[in-house]
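One-letter residues, chain by chain:
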Amino acid sequence: MDLTIVIVSFKSGDILHRCIKSIDKKYPIIIVENSQNIKLKEELEKKYSNVECILPEKNLGYGAGNNLGIKNSKTKYVLTLNPDTILYENTISKLLEQANKIEDFALLGPKVVSETENLSNTESKIKAVNYIKGFAIFFNKEKFINVGFFDENYFLYFEEIDLCKKVIKSNNKIYLINDALIKHVGGKSHEDKYDFEMELSRNWHWMWSTFYYNKKYKGFINSLIILFPKLISSLFKYFFFFMIMKKEK
């Protein structure tokens with residue numbers, strides 16, 4: 001077997017099961033469950049014979065979680081997925097077909113399609129790109145011995161942007177595979193009852209990741225300048241909601 005699927009999840013519930021069921025059972029799946037839920041680990045490994053569930057000691061976030069899954073894989077290729085993705089029947093076979101044809105690739109990305117899109121018009125070809133979306137990334141592992149995988153200083157957001165930038169700067173190649181199709185719900189990698197908790201987390205981590213990314217590539221001062229208007233806006237909103245007694249906001 002040439003491919004392992006890695007899914008980083010956090011309290012994903014039925015959404016995770018839906019994703020797993022869309023994957024052919026012949027492919028090994030590594031779930032990195034960041035909530036340390038031992039009952040979920042037992043449930044997944046009992047229900048799906050091709051699933052191994054890893055429980056880190058703490059919530060690693062997206063990048064470090066994927067790195068852990070990739071490092072525990074034993075195959076030449078790895079496909080990382082968000083829990084809120086659904087594969088089509090031939091998604092993996094199309095990716096593997098191109099992986100075996102394109103010798104110089106580091107990353108491949110499937111094409112995301114909407115519920116209303118006419119699939120018959122999908123282009124059956126590959127396209128060299130500088131960036132692919134982070135919810136589904138197909139890795140050629142040997143290309144990352146020197147490049148490294150995700151920068152673990154990001155907890156959430158900007159990881160795939162940073163990764164793609166590293167790949168291009170190291171003179172490796174990224175391709176979009178237009179006939180390998182995937183559905184992505186977006187923003188639904190967790191159960192609905194955790195919406196508010198996740199909103200708080202996302203707001204914080206988006207600001208931090210924006211700062212860290214710009215500091216990494218443009219310097220500390222430029223990063224502060226870029227983020228300053230957003231910081232002022234956040235402070236204004238904080239005091240506004242404080243004054244009108246909206247504690248949650």
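Scroll up for the structure.
In this report, the structure presented in the accompanying data block is examined. (Residues numbered from 1 in each chain as written. Predicted model: local features only at pLDDT ≥ 70, side-chain atom pairs only at ≥ 80, totals over all residues. Heavy atoms only, no water.)

**Remarks on helix 8 (residues 220–243)**
For step 1, the next point in the chain: The end-to-end C-alpha separation of helix 8 is 33 Å, in line with the 34 Å expected for 24 residues at 1.5 Å each.
For step 2, the next point in the chain: L227 marks the point of greatest bend in helix 8, at about 45°, and the proline P229 comes within the next four residues.
For step 3, the next point in the chain: The positive-phi residue at the C-terminal boundary of helix 8 is M245, with phi of around 65°. (Helix = DSSP H or I, 4+ residues; strand = E, 2+ residues; numbered from the N terminus. Expected span 1.5 Å × (residues − 1). Bend = angle between axes of the 7 residues up to and from the residue.)

**Description of the environment of K165**
For step 1, the next point in the chain: By secondary structure assignment, the location of K165 is in helix 6 (residues 159–169).
For step 2, the next point in the chain: The exposure class of K165 is partly exposed, given its relative accessible area of 30%.
For step 3, the next point in the chain: Remark: the alpha-carbon pair of K165 and Y131, spanning 34 residues in sequence, is separated by 7.7 Å.
For step 4, the next point in the chain: When neighbours within four sequence positions are excluded, K165 is seen to be in contact with Y213 and Y217. (Buried < 20%, exposed > 50% of the residue type's maximum accessible area, 1.4 Å probe, protein only. Contact = heavy atoms within 4.5 Å.)

**Describing the side chain of D162**
For step 1, the next point in the chain: Tracing the backbone through its elements, the reader meets D162 in helix 6.
For step 2, the next point in the chain: The class for D162 is buried, based on a relative accessible area of 0%.
For step 3, the next point in the chain: In terms of polar contacts, D162 uses its side chain to reach the side chain of K216, at 2.9 Å.
For step 4, the next point in the chain: Residues contacting D162, with those up to four places away along its chain left out, are D151, Y154, Y213, K216 and Y217. (Polar contact = N/O pair within 3.5 Å; in protein donor to acceptor, adjacent residues only side chain to side chain.)

**Digging into the nonpolar core**
For step 1, the next point in the chain: If you look at the biggest cluster of nonpolar residues, it comprises 33 residues, and the most contacted ones within it are I5, I7, L81 and F138.
For step 2, the next point in the chain: Excluding anything up to four places from it in sequence, F138 contacts L3, Y77, V78, L79, L95, L96, A99, F105, A106, L107 and L108.
For step 3, the next point in the chain: Membership of the second largest hydrophobic core comes to 22 residues, among which are V6, I30, Y62 and I132. (Core = buried A, V, L, I, M, F, W, Y, C linked by side-chain atoms within 4.5 Å.)

**Considerations on the packing of aromatic side chains**
For step 1, the next point in the chain: Throughout the structure, instances matching the rule amount to 16 aromatic pairs.
For step 2, the next point in the chain: Each member of the aromatic cluster is reached from another via a ring pair, and the members are Y62, F139, F144, F149 and F150.
For step 3, the next point in the chain: Between the NZ or CZ atom of K165 and the centre of the ring of Y217, over which it lies, the distance is 5.0 Å. (Phe/Tyr/Trp six-rings, centres within 6.5 Å; stacked < 30°, edge-to-face > 60°. Lys NZ or Arg CZ within 6 Å of the ring centre and 35° of its normal.)

**A closer look at the pairing of strand 4 (residues 77–81)**
If a strand is regular, its side chains alternate between the two faces of the sheet.
For step 1, the next point in the chain: Extensive coverage of strand 4 is indicated by the burial of five of its five residues.
For step 2, the next point in the chain: By the alternation rule, side chains of strand 4 split into Y77, L79 and L81 and V78 and T80, which are all buried.
For step 3, the next point in the chain: Pairing between strand 1 (residues 3–9) and strand 4: five bridges, direction parallel. Opposite I7, over in strand 4, you have L81 as the bridge partner.
For step 4, the next point in the chain: In this structure, strand 4 lies alongside strand 8 (residues 136–140), joined through five bridges in antiparallel fashion. Opposite T80, over in strand 8, you have I137 as the bridge partner. (Pairing = 2+ DSSP bridges.)

**Let's talk about helix 4 (residues 91–99)**
For step 1, the next point in the chain: Residues of helix 4 that are buried: T91, I92, L95, L96, Q98 and A99. Buried residues of helix 4, seen end-on, are gathered within an arc of 165° and therefore sit on one face of the element. (Arc of directions from axis to C-beta.)

**Focus: the environment of E33**
For step 1, the next point in the chain: Here E33 lies in strand 2 (residues 29–33).
For step 2, the next point in the chain: The class for E33 is buried, based on a relative accessible area of 0%.
For step 3, the next point in the chain: Sequence spacing of E33 and C53 is 20 residues, and the spatial spacing of their C-alpha atoms is 6.8 Å.
For step 4, the next point in the chain: Here E33 is in contact with S9, F10, K11, L40, C53, I54, L55 and P56, once residues within four sequence places are set aside.
For step 5, the next point in the chain: A distance of 2.6 Å separates the side chain of E33 from the side chain of S35, its partner in a polar contact.

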